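Read off the chains here:
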Amino acid sequence: MADIVLGMWTTHGPTLSTTPEEWLLRLPADHARKDHPFRGKTYDFQSLVELRKDENLAARATLEERTARHGTCRAAIETMADVYEAAKIDVAVIFGNDQSELFLDNILPALTVFNGPTLWNEPATEEQAAKMAPGIHAAEWGHNPPVRTDYPGHPELANRIIRQAMADNFDVARSSRLPEHPGHWNSGIGHAFGFIYRQIMRDKVVANVPLIANTFFPPNQPTARRMFEFGRSVGRAIKAWDTDARIAVFGSGGMSHFVIDEDFDRSIIDAIEARDGEFLCAIGEEWFQSGTSELKNWIAAAGCLFETDLSGGLVDYVPCYRSEAGTGTANGFVAWTKKD
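In this text, all values refer to a predicted model and were calculated from it rather than measured experimentally.

Novice: Explain the state of the cysteines to me, and be specific about the residues and the numbers.
Specialist: Should the sulfur atoms of two cysteines be covalently bonded, the bond is a disulfide. Under the definition given, this model contains 0 disulfides. Lacking any disulfide linkage, Cys281 is separated from the closest cysteine sulfur, that of Cys304, by 14 Å. Since its relative accessible area comes to 8%, Cys281 is described here as buried.

Dropping the structure here:
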């Protein structure tokens, strides 16, 4: 029977791969947006400033604070990478999401399993970089390799996951080859996966199965409960696999952004620590909007990992503010390991 020896939940956003000064490249978009989701409602920038004025968020968004929090995040990433290296992983399963990187308007599956033998990534061209939103290209080194690079998939495990998912009434899509979109702003696997390859695996990428959810784009986003149950299905497929491979499971994404909600993030972390699947499943869709929707990848990983004997806890939680309105990205890192 396969042995899951490592579980990790990690954020992957641009604040982790840009300088504290570059965080402010996103401020014009923050000011321009009229529908920032926050606790079930939407607000423009000034309304958020008024709503959250008693939190003194401007003091948390100074250059000094941004610099300190960036350093704390980088230290947490190094800790995660060290834990990963020590686990001596053979195969990885990664729950992540796509943001119009692989799937465009012609087809957008709710859940996709990549079952090809090879996947790839590459740096953006100048033309692609020019099409990216402000601040995104600056973070590219954190998830894209410096040259086009092939990575190993794991068709055998992927197909087991697909068959188990179908048996469990998940009509998953499958992809055995990454699409190439001429003229599109992105090439290769999305940043939810590239971040794991570059910064947690430190470019020593093992055979892996990307599990790609549509968390961002209505109307076919899987609910929190659906993601948790999909994670349980993936766990069943792994447990039934007759192998001595050492397996890692990742949830890549989140935490609250682009408006930070520390209380909500802490509730997710607490539920993972308590293995409280029902709490995670009961969270309403209104909480999973914009970038915060990526926490559904954490919930799917929780569904997979709650039924293991792994243990561990929070490596760090760092809310990284860039404005007095509370805009920014909250970064969280959790690691569970097997006690030998």
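Novice: Can you explain the side chain of Asn97? Please cite residues and give values.
Specialist: Tracing the sequence through the fold places Asn97 in strand 4 (residues 91-97). Looking at Asn97, its side chain comes within polar contact range of the side chain of Glu294, at 3.4 Å. Looking at Asn97, its side chain comes within polar contact range of the side chain of Asn297, at 3.0 Å. If we ignore the near neighbours within four places in the chain, the residues touching Asn97 are His12, Ala192, Phe193, Ile212, Ala213, Thr215, Phe216, Ser252, Glu294 and Asn297.

Novice: Can you break down unusual backbone geometry residue by residue, with the values?
Specialist: Most peptide bonds adopt trans geometry, and most residues besides glycine take a negative phi value. Note the cis peptide between Gly254 and Met255, where omega equals -10°. Within the fold, Met255 resides in the loop between strand 10 (246-252) and helix 8 (262-273). The step from His257 to Phe258 runs through a cis peptide bond, and the omega angle for that step is 20°. Counting through the fold element by element, Phe258 comes out in the loop between strand 10 and helix 8. Non-glycine residue Lys88 carries a positive phi angle of around 55°. If you trace the backbone, Lys88 turns up in the loop between helix 3 (63-87) and strand 4. The backbone of Asp203 sits at a positive phi, close to 70°, despite the residue not being glycine. Relative to the assigned elements, Asp203 resides in the loop between helix 6 (191-200) and strand 9 (207-213).

Novice: Tell me what's going on with the pattern of salt bridges, and back it up with residues and numbers.
Specialist: Here the structure, examined in full by the defined rule, presents 23 salt bridges. Here Lys53 makes a salt bridge to Glu50, at a shortest N to O gap of 2.7 Å. According to the relative accessible area criterion, Lys53 is exposed, its value standing at 53%. With a relative accessible area of 47%, Glu50 lands in the partly exposed category. Look at the salt bridges and you will find they share partners, linking Glu78, Asp82, Glu85 and Arg202 into a network.

Novice: Explain helix 6 to me, and be specific about the residues and the numbers.
Specialist: In terms of burial, helix 6 is largely enclosed, as 10 of its 10 residues are buried. Of the residues making up helix 6, those classed as buried are His191, Ala192, Phe193, Gly194, Phe195, Ile196, Tyr197, Arg198, Gln199 and Ile200. A positive phi of about 55° marks Arg202, the residue just after helix 6.

Novice: Could you give me a rundown of the packing of aromatic side chains, with the residues and numbers involved?
Specialist: Applying the stated rule across the entire model yields 10 aromatic pairs. Plain terms: the ring middles of Tyr151 and Tyr197 are 4.7 Å apart, the flat faces sit at 50° to each other, and that makes the pair tilted. Here the residue Tyr151 occupies a position in strand 7 (residues 149-152), and Tyr197 occupies one in helix 6, the gap between them amounting to 46 residues. The exposure classification of Tyr151 matches that of Tyr197, with both residues buried. Ring centres of Phe170 and Phe230 lie 5.5 Å apart, and the angle between their planes is 55°; on these two criteria the pair is classed as tilted. Remark: Phe230 occurs in helix 7 (residues 224-239) and Phe170 occurs in the loop between helix 5 (155-167) and strand 8 (173-175); sequence separation between them is 60 residues. With respect to burial, Phe170 and Phe230 carry one shared label: buried.

Novice: So what's going on with the pairing of strand 5 (residues 111-114)? Residues and values would help.
Specialist: Alternating positions in strand 5 separate into two faces, Leu111 and Val113 on one and Thr112 and Phe114 on the other, with burial throughout. Bridge count for strand 5 against strand 9 is 3 bridges, and the pairing is antiparallel. Paired with Val113 across the bridge in strand 9 is Leu211.

About the criteria used
- Each residue is numbered by its place in its chain's sequence as written, counting from 1.
- For this predicted model, a pLDDT threshold of at least 70 governs which residues receive local features, and a threshold of 80 or more governs which side-chain atom pairs are given and counted, while totals over whole chains, interfaces and linings are taken from all residues.
- Neither water nor hydrogens contribute to the side-chain values; these are computed over all heavy atoms in the structure.
- Cysteine sulfurs are considered disulfide-paired once they come within 2.5 Å of each other.
- Throughout, exposure labels follow a simple rule: accessible area from a 1.4 Å probe, protein chains only, divided by the maximum for the residue type, with under 20% read as buried, over 50% as exposed, and the rest as partly exposed.
- Working definition: helices are DSSP H or I runs of at least four residues, strands are E runs of at least two. Numbering for both runs from the N terminus.
- Whenever two N or O atoms come within 3.5 Å, that pair is a polar contact, provided that in protein one can donate a hydrogen and the other can accept it, and provided that, for residues adjacent in sequence, both atoms are side-chain atoms.
- Working rule for contacts: check all heavy atoms of both residues, and any pair within 4.5 Å makes them a contact.
- Here a salt bridge means any side-chain nitrogen of Lys or Arg lying within 4 Å of a carboxyl oxygen belonging to Asp or Glu.
- Here a pair means two rings of Phe, Tyr or Trp (six-membered ring of Trp) with centres within 6.5 Å. Their orientation is stacked below 30 degrees between planes, edge-to-face above 60, and tilted elsewhere.
- The pairing criterion is simple: DSSP has to find at least two bridges between the two strands.

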